[in-house]
Amino acid sequence: MDQDTRWLKRYNEVRAFIETNHRNPSKYDAEERGDYYTWMKHNRKVMNAGKMKPERIERFKELLELTEKYKRVNQYQ
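Let me begin by describing the structure that accompanies this report. Remember, predicted model here, so these are calculated numbers, not experimental data.

### A word on the pattern of salt bridges
Applying the stated criterion to the full structure yields six salt bridges. In this structure, the salt-bridge partner of Lys53 is Asp4, at a minimum N-O distance of 3.2 Å. A residue pair is termed long-range when its members are at least 10 positions apart, and Lys53 in the loop between α2 (30-49) and α3 (54-69) and Asp4 in helix α1 (residues 3-21) qualify at 49 residues. Here Lys53 falls in the partly exposed class, since its relative accessible area comes to 32%.

Following this line, the structure appears as structure tokens:
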């Protein structure tokens, strides 16, 4: 399995998690942090540094838009 295939597989897993649970991966849950949260955090850093492959940028931006949709709102305003 090459790197692009692994990246796409993880992308699909994270997208399915967000669509199924209607929330973003938690950094406090050990299972979610190890599987999804860390992957998202790493890819954000890579994209912001300008080191992400061009074909991945568009897909990752779609994933970030999906995370914004399910972003929690502070209830104590």
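### Describing unusual backbone geometry
The phi dihedral of His22 is positive, around 55 degrees, even though this residue is not glycine. Secondary-structure assignment places His22 in the loop between α1 and α2.

Conventions adopted
- Residues numbered from 1 in each chain as written.
- Predicted model: local features only at pLDDT ≥ 70, side-chain atom pairs only at ≥ 80, totals over all residues.
- Heavy atoms only, no water.
- Salt bridge = Lys/Arg side-chain N within 4 Å of Asp/Glu carboxyl O.
- Helix = DSSP H or I, 4+ residues; strand = E, 2+ residues; numbered from the N terminus.
- Buried < 20%, exposed > 50% of the residue type's maximum accessible area, 1.4 Å probe, protein only.

Read these as layout, nothing more, since geometry by itself doesn't imply function.
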